[in-house]
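Here are the chains, one letter per residue:
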Amino acid sequence: RGYCTFWEQGAEEQMIKKIEIMEDFINRTYTKKELSLMYFPESMPRTAVNHLMSWIRRCRPLWDELQQMEYDKTCKSFTPKQVKAIIEYLGEPG
């Protein structure tokens, strides 16, 4: 995927942790507001969305992957496939 193309010391433990995170997180369609507030619960909704989208745009591999999934900035929600990619790159919210 996007994290790295080679195994380094500790990479196996990181992969196991990512798999455990994906098992705990309910992957479904989320509105941008819903998912953003999970990452930034203390923020106002619009601010939370702005912060999450900033994180997503700064993570170039994630941004590129979302573009390949036909993500459009005017979309109000993320598909389960897009949510999975976001969690893989940014980690589970909370």
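Okay, so let's go over this structure. (Residues numbered from 1 in each chain as written. Predicted model: local features only at pLDDT ≥ 70, side-chain atom pairs only at ≥ 80, totals over all residues. Heavy atoms only, no water.)

Notes on helix α4 (residues 60-68)
Using the following cut-off: When a residue's accessible area, from a 1.4 Å probe over protein chains only, is under 20% of the maximum for its type it is buried; when over 50% it is exposed; and in between it is partly exposed. A helix here means a DSSP run of H or I that spans at least four residues, while a strand means a run of E at least two residues long, and both kinds are numbered starting from the N terminus. Along the arc lie the directions from the helix axis toward the C-beta atoms. Any two residues whose heavy atoms approach within 4.5 Å at even a single point are treated as in contact.
Among all positions of α4, only L62, W63, E65 and L66 are buried. Axial view of α4: buried residues confined to an arc of 165°, hence all on one face. For α4, the secondary structure elements touched by its buried residues are α3 (45-58) and α5 (80-90). Residue E70 follows α4 closely and has a positive phi angle near 65°.

Considering the pattern of salt bridges
Put simply, the test is: Here, a salt bridge means any Lys or Arg side-chain nitrogen found within 4 Å of an Asp or Glu carboxyl oxygen.
The tally for this structure, following the rule as stated, stands at three salt bridges. The salt bridge involving R60 is made with D64; its shortest N-O contact spans 3.5 Å. Remark: D64 and R60 occur in helix α4; sequence separation between them is four residues, near one turn of the helix. The partly exposed category is assigned to D64, whose relative accessible area is 34%. For E88, the salt bridge identified is with K84, shortest N-O distance 3.7 Å.

Honestly, it's all geometry; don't read function into it.
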